[in-house]
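Letter by letter, the chains look like this.
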Amino acid sequence: MAQRSRVAGFLTALVLALGGSVALAAPASANSYDCYRYLDLRYHGIESVHDRACEYGEDGRYHLCVEVLDDHGIFRRHAHEACERADW
């Protein structure tokens, strides 16, 4: 019985130690790079206007981000996804 409680105690400490490090980690934050990277992977070479649109998304101007991308050759569904990545 003593061995079981030691094993249980060890496992509990291990879970708390691993979970504690995850709980203390900084939350993931998105930025214009996430948007830019998403577009670059799909369109292989985007322009500065697309980068500027991603910055709009990062600043919380999601709809402007989508409109600029849509107006400059990005499929609307990709524009939404890219701007969401910038605005997370």
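Anything mentioned here points back to the structure above.
Residues numbered from 1 in each chain as written. Predicted model: local features only at pLDDT ≥ 70, side-chain atom pairs only at ≥ 80, totals over all residues. Heavy atoms only, no water.

**Description of the side chain of His78**
Along the polypeptide, His78 turns up in helix α5 (residues 76–87). Judged by its relative accessible area of 14%, His78 is buried. Of note is the side chain of His78, whose polar atom sits 2.6 Å from the side chain of Tyr43. When neighbours within four sequence positions are excluded, His78 is seen to be in contact with Tyr38, Leu39, Arg42 and Tyr43. (Helix = DSSP H or I, 4+ residues; strand = E, 2+ residues; numbered from the N terminus. Buried < 20%, exposed > 50% of the residue type's maximum accessible area, 1.4 Å probe, protein only. Polar contact = N/O pair within 3.5 Å; in protein donor to acceptor, adjacent residues only side chain to side chain. Contact = heavy atoms within 4.5 Å.)

**Examining the side chain of His50**
In this fold, His50 is placed in helix α3 (residues 48–58). Given the relative accessible area of 5%, His50 is considered buried. Aside from chain neighbours lying at most four places away, what touches His50 is Leu39, Leu69, His72 and Ile74.

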